[in-house]
Amino acid sequence: MSLSEPELDALLDCEMAYMSLFGEVTREETGWWVHSPGFPTYRDGNRVVRIRDDRRGPDAVANEIAGRFRAERRAIVVDVDPIAEAQGFAMVFAR
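Analysis parameters
- Residues numbered from 1 in each chain as written.
- Predicted model: local features only at pLDDT ≥ 70, side-chain atom pairs only at ≥ 80, totals over all residues.
- Heavy atoms only, no water.
- Helix = DSSP H or I, 4+ residues; strand = E, 2+ residues; numbered from the N terminus.
- Polar contact = N/O pair within 3.5 Å; in protein donor to acceptor, adjacent residues only side chain to side chain.
- Expected span 1.5 Å × (residues − 1).
- Buried < 20%, exposed > 50% of the residue type's maximum accessible area, 1.4 Å probe, protein only.
- Arc of directions from axis to C-beta.
- Contact = heavy atoms within 4.5 Å.

A.B. asks: I keep staring at the side chain of Asn46 and nothing clicks. Help me out?
C.D. replies: By secondary structure assignment, the location of Asn46 is in the loop between strand S2 (31-35) and strand S3 (47-49). In terms of polar contacts, Asn46 uses its side chain to reach the backbone carbonyl oxygen of Tyr42, at 3.0 Å.

A.B. asks: Honestly, helix H1 (residues 5-19) in this entry has me stumped. Any pointers?
C.D. replies: Within an α-helix, residues lying three or four positions from one another point in the same direction, as the helix has 3.6 residues per turn. Between the first and last C-alpha of H1 there are 20 Å, a value that for 15 residues agrees with the 21 Å anticipated at 1.5 Å per step. Considered for burial, the residues of H1 that qualify are Leu8, Asp9, Leu12, Met16 and Met19. End-on, the buried residues of H1 take up no more than an arc of 95°, which puts them together on one face. Of the exposed residues in H1, those oriented more than 90 degrees away from the buried face are Pro6 and Cys14. Next to the buried residues of H1 lie strand S1 (24-28), S2, S3 and helix H3 (82-86).

A.B. asks: Sorry, what's going on with helix H2 (residues 58-71) here?
C.D. replies: With 14 residues, H2 ought to run about 20 Å at 1.5 Å a step, and its terminal C-alpha atoms sit 20 Å apart, in line with that. Where H2 is buried, its residues meet S2, S3 and helix H4 (89-94). Looking one or two residues past H2, Arg73 carries a phi angle of roughly 55°, positive in sign.

This is how it looks when you write it as structure tokens:
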């Protein structure tokens, strides 16, 4: 069973509400970021979800995401959901 984008967003809303208990959640057009300075090695607390193409293409968005992780010296942790996969992000991040 596949979820529609609104259904997936509702599910991610719940997950981000939980994550905001111990980290900062920032919602941007290209992704929803979770950053937990108090738990720097906790991968689920330091990642980006709901990755979306902002009309620049998946390569440009993925490079921006990877650059932000590298600038903060954190492991690159992304959740590629079915919509992001359909936009080409799974292939880009697999490289």
